[in-house]
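The primary structure of each chain is shown beneath.
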Amino acid sequence: MQEQKLHVEPQSKLKLVNEENLQEQESVQNLRQTFLASIRTADTVVGERFRAFVTDQDTVTATDALNLAQMQELTLQL
């Protein structure tokens, strides 16, 4: 009877540890999926904003003019 208890107890502990490991793996998988989804969302938002910026000719022209003015100012400082 004692031997059976000794044999059953390690199996119960092992089963509990396995269940905890499975729960942790599921939790990590959920975090991974959430992280990947947030990257996809950010990629979509940045891509859409960039596309909108590039296709707006007025914005591109204004940015070019600003960059040109800044480069000229830096050149004069040298």
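Now for a description of the structure that goes with this document. The shown structure was predicted, so the numbers you read here are calculated from the model rather than taken from an experiment.

1. A look at the overall build of the chain
Step number 1: When helices and strands are tallied, the chain shows two helices and zero strands.
Step number 2: Counting every position in the chain, which comprises 78 residues, the buried fraction comes to 0%.
Step number 3: Roughly 7,500 Å² of accessible area belongs to the chain as shown, and the carbon and sulfur atoms make up 59% of that amount.

2. Focus on a nonpolar patch on the surface
Step number 1: The grouping of Phe 50, Phe 53 and Val 54 at the surface amounts to a nonpolar patch, some 280 Å² of accessible area in total.
Step number 2: When you line up the elements, Phe 50 lands in helix α1 (residues 2-55).

Rules of the game
Residues numbered from 1 in each chain as written. Predicted model: local features only at pLDDT ≥ 70, side-chain atom pairs only at ≥ 80, totals over all residues. Heavy atoms only, no water. Helix = DSSP H or I, 4+ residues; strand = E, 2+ residues; numbered from the N terminus. Buried < 20%, exposed > 50% of the residue type's maximum accessible area, 1.4 Å probe, protein only. Areas by Shrake-Rupley, 256 points an atom, 1.4 Å probe, with all protein chains shown as cover. Patch = residues over 30% accessible without salt bridge, like charges linked within 9 Å, V, L, I, M, F, W, Y side chains within 5 Å. Salt bridge = Lys/Arg side-chain N within 4 Å of Asp/Glu carboxyl O.

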